[in-house]
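# Structural characterization, general
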Amino acid sequence: MFGTTEMDINMGPQHPSTHGVLRLQLKLDGERVVDTRPVIGYLHRGCEKLGEDRTYPQAIVYTDRMDYCAAFAENLVYVEAVERLLGVEVPPRARYMRVVLAELQRIASHLIWLGTHAMDIGALTVFVYGMREREQILDLFESYCGARLTYNALRIGGMPEDFPEGWTDEARRFCDALPPRLVEYHELLTANRIWLARTRGVGTIDGKTALDWGMTGPCLRGSGVPYDVRKAIPYEAYADLDFDVPIGEAGDTYDRYLCRMEEIRQSRRIVLQALDKLPGGEVRGKVPRRIKPPKGEVYHVNEGPRGELGVYLVSDGSENAYRCRFRSPNFVNLQALPDMVRGHLVADVVAVIGTLDVVLGCVDR
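Below or above, wherever it landed, is the structure these notes cover. Owing to the predicted nature of the structure, the values given are computational and were not obtained by experimental measurement.

As a further point, take the packing of helix α2 (residues 56-63) against helix α3 (residues 71-86). It is the contact of α2 with α3, at a shortest axis distance of 8 Å, that shows an interaxial angle of 155°. Judged on the interaxial angle alone, α3 and α2 are roughly antiparallel. Handedness of the α2/α3 crossing: right-handed. Residues Tyr56, Ala59, Ile60 and Thr63 of α2 form the contact with α3, whose own contacting residues are Glu74, Asn75, Tyr78, Val79, Val82 and Leu85. Here the residues of the contact of α2 with α3 are counted per class, giving 7 nonpolar, 2 polar and 1 charged.

The strand order across the open sheet formed by 3 strands is β4-β5-β6, and the pairing between neighbours is antiparallel. Both edges of this open sheet fall to β4 (296-304) and β6 (321-327), since each of them pairs with a single strand only. Between one strand axis and the next, the sheet turns by 15° as a mean value, whatever way the strands run. With 6 bridges joining them, strand β5 (residues 307-315) and β6 adopt antiparallel strand pairing. Residue pairing for β6: Val311 is matched across the bridge by Phe326.

Secondary-structure assignment places Arg23 in strand β2 (residues 23-29). Along the primary structure Arg23 and Glu282 are separated by 259 residues, whereas in three dimensions their C-alpha atoms are 47 Å apart. One polar contact links Arg23 to Asn10, side chain to side chain, over a distance of 3.0 Å.

Let us look at the sheet that holds strand β1 (residues 7-11). Strands sit in the order β1-β2-β3 across an open sheet of 3 strands; the sheet is antiparallel. Each edge of the sheet is formed by a strand with only one pairing partner; in this case those strands are β1 and β3 (32-39). Strand-to-strand twist in this sheet, taken as the mean axis angle between neighbours without regard to direction, amounts to 25°. Pairing analysis gives 5 bridges linking β1 to β2, with the strands arranged antiparallel. Note that in β2 the partner of Met11 across the bridge is Leu24. The strands touched by helix α14 (residues 346-356) within the sheet are β1, β2 and β3, with β2 carrying the most contacts at an inclination of about 145°.

Time to look at the nonpolar core. Formed by 110 residues in total, the largest nonpolar core has its most connected members in Tyr56, Phe72, Tyr78, Leu104, Trp167 and Leu313. It is helix α4 (residues 92-121) that provides the largest number of residues to this core, a total of 15 residues. If we skip the residues at most four places from it in the chain, Phe72 touches Arg98, Leu101, Ala102, Gln105, Phe141, Tyr151, Ala153 and Leu154.

Basis of the calculations
- Residues numbered from 1 in each chain as written.
- Predicted model: local features only at pLDDT ≥ 70, side-chain atom pairs only at ≥ 80, totals over all residues.
- Heavy atoms only, no water.
- Axes fitted to C-alpha atoms, helices over the stretch in contact; angles between N-to-C directions.
- Helix = DSSP H or I, 4+ residues; strand = E, 2+ residues; numbered from the N terminus.
- Parallel < 35°, antiparallel > 145°, perpendicular 65-115°, else oblique.
- Left-handed = near helix turned anticlockwise from the far one by under 90°.
- Contact = heavy atoms within 4.5 Å.
- Nonpolar A, V, L, I, M, F, W, Y, C, P; charged D, E, K, R; others polar.
- Pairing = 2+ DSSP bridges.
- Polar contact = N/O pair within 3.5 Å; in protein donor to acceptor, adjacent residues only side chain to side chain.
- Core = buried A, V, L, I, M, F, W, Y, C linked by side-chain atoms within 4.5 Å.
- Buried < 20%, exposed > 50% of the residue type's maximum accessible area, 1.4 Å probe, protein only.

See the structure below:
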């Protein structure tokens, strides 16, 4: 009569701390997690099938809707894959412009992660501060392409337009104002005893296990594995730029927090270098009016804010891809969630979901 009974409960898909329509089936012993089963598919859009039903340029707009917190990164990896199929040479100025926009997008993505992750744990002020800086980046994106969330800001072979007059000066001003803001974030969180209690030793995963799951991005680097596509397989202008890849040691929620905070600083460093080296010239390469790559296949990757983004395209020589498949770091990282929360309390599940920085549009595609 005094035996224990495990209880099954649902967390989500309406729960605000699941960062979207994620449903977790938790098996609990009291408040301690025995097992977890993520249930996905509530945000399915069929982006991959749409990528096979539309022409290559038309498909770019659907990539915006996957990782809607880092739409430019999704634009970029898809366009680069098509360019590899075509064998198109992107003009040097366009390559540097892409780096500037990609790193500003990384900062904006990390800021929304920081604000929502901190708010989940109870630190509302950090969310307000993070949105303050993110809005400035969105202003830059809006002045370039007219959009603040889903950009459609790239074209096969280069960029749709050059930066508007004064844009680079505004970008520099933002980068100059960012370091003291980062100090504010650190003062609010890094040595905060509540933050430390909620993140240290929570959601720990070692490097080997993270690799076994296929994790990438800050979730992998927080476990001490220094893998970054920008260094391992340089693309665009990254080979010409100097930056460091931050890694953690403990592989817990706190280390992943520190990694992303340092990545913001490194992205700022990359943006300033790219602006300094920004060459002149055209921003559009020579591409045919009708995009019809020769028969073949390509798998292309780049480093998104959440890890390795991949696109697999098969061309049959027509205007549409015969096969379009995306590799989502969100989907792969989410697989490890049961291992990371097992043995923790229900409140820790919230912290671990936040540290994964999951975007469900990219998971469900």
